[in-house]
Amino acid sequence: MIHVSHVSKQYTVNRLPSGQKRRFRFFPQNQTVYGVKDLSFEIERGETVGYIGLNGAGKSTTIKLLTGILSPTEGEVTVAGMVPYKQRKKLASKIGVVFGQRNQLWWDLPLIDSFELLKSLYSISASDYKKTLDELTEILKVPNFLHTPVRQLSLGQRMRGNLIAALLHRPEVLFLDEPTLGLDIDSRYDFIQFVKSQKQITVFLTSHNMQDIEELCSRILILDKGSLLYDGSLENIYNENYGKYVIHAKLKDSESAAKAGYSTDSHGVLHLQAPAERDKERLIHEILSSLPVEDLSISENSLEGYLLHRSKSHETISDH
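These figures come from a predicted structure and were not determined experimentally.

### Concerning the sheet that holds strand 11 (residues 269-274)
Step number 1: Strand order across the open sheet formed by three strands is 11-10-12, with antiparallel pairing between neighbours. The open sheet is flanked by strand 11 and strand 12 (293-300), the only strands paired with a single partner. Sheet twist, expressed as the mean angle between neighbouring strand axes with direction ignored, is 20°.
Step number 2: Sheet analysis places strand 10 (residues 245-251) next to strand 12, joined by seven bridges and oriented antiparallel. Pairing of His248 across the sheet is with Ser297, part of strand 12.

In structure tokens form, the structure reads like this:
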């Protein structure tokens, strides 16, 4: 469905030579920077994939490459069997896009009028339009404000309208960029449940809200400085070096920890990483049965923390 093979996107920028201060007269040098570099991945039909990274990692560049806004400097990109930048108009009928910070509805018109205009733009038949619209408006609880001007809708209502607008033509691929930005709890819940129900659509999700990623995505791609750091399941992210759970055991006697092969911090606290629930239970049993524990607590690592952890590790390796 989505094929990305050794893709790079280069930009030429003017920058001051390294070590020089900005003055009234200066001669900038042309430098080449990468939006993404040697990027490769495959996404199959029906997958819901989270695409995450720190600001400037290259997420927006990737989406623009996948939707045909940009062309790659090197490598190959295909989406739904088409080359996006060469077949952008044709591809538009196969994809839907929802940007949390952008509105694709007509501001001063009633919501239903925006849908009618999109029906004409996508050449949707009257029967298909009615069937799809009825289904989407019912699931997303939209009928009550279909005839309300878009400018009078709340953020959550507009987001539901934008989602319907992106799905009216029944796309094969749905690109979601910060889709829950600013939504209240109820609106976000409805949005998440709806996306989960779309089993036949390939979903490519970027978000700074790691809860969105954890709730929706069976697979995660982590990007840093334009390069792919991780491609796999959420479960496989956590390991002995960065566990899902961290067990903190305050010991009465730190020497006993050393004899058992454990090391404690300066306060005599033992910290152990547990990748999964079963590992957590096993480690707790081992600690309580073999060490003089004074106090024990458990904390839970987050996907955000892992993202920072991997990015810092990647930065250290790059520096060397």
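### Comments concerning unusual backbone geometry
Keep in mind that most residues, glycine aside, have a negative phi and that most peptide bonds are trans.
Step number 1: Even without glycine at this site, His6 takes up a positive phi of about 50°.
Step number 2: Relative to the helices and strands, His6 resides in strand 1 (residues 2-15).
Step number 3: Positioned with a positive phi, Arg170 is a non-glycine residue whose angle comes to about 50°.
Step number 4: Within the secondary structure layout, Arg170 lies in the loop between helix 5 (155-167) and strand 6 (173-177).
Step number 5: Accessibility expressed as a relative area gives 46% for Arg170, which makes it partly exposed.

### Describing the pattern of salt bridges
Step number 1: Counted by the stated rule, this structure contains 15 salt bridges.
Step number 2: Between Glu172 and Lys94 there is a salt bridge whose closest N-O contact spans 3.4 Å. In this pair, Glu172 is assigned in the loop between helix 5 and strand 6 and Lys94 in the loop between helix 2 (88-91) and strand 5 (95-99), connecting sequence segments 78 residues apart.
Step number 3: With relative accessibility at 22%, the residue Glu172 sits in the partly exposed group.
Step number 4: Judged by its relative accessible area of 31%, Lys94 is partly exposed.

Criteria and thresholds
Throughout this description, residue numbers start from 1 for each chain and increase along the sequence as written. Selection of residues for local features in this predicted model requires a pLDDT of at least 70, selection of side-chain atom pairs for listing and counting requires 80 or more, and totals for whole chains, interfaces and linings are taken over all residues. Side-chain measures here rest on the full set of heavy atoms in the structure, leaving out hydrogens and waters. We treat two strands as partners when DSSP finds at least two bridges between them. Elements are defined by DSSP. Helices are runs of H or I of four residues or more, strands are runs of E of two residues or more, and each kind is numbered from the N terminus. Helix axes are fitted only over the stretch in contact, all axes being lines through C-alpha atoms; the angle between N-to-C directions runs from 0 to 180 degrees. Under the scheme applied here, a residue whose accessible area is under 20% of the maximum for its type counts as buried, over 50% as exposed, and between as partly exposed, the area being computed with a 1.4 Å probe on protein chains only. A pair is scored as a salt bridge if a Lys or Arg side-chain nitrogen falls within 4 Å of a carboxyl oxygen belonging to Asp or Glu.

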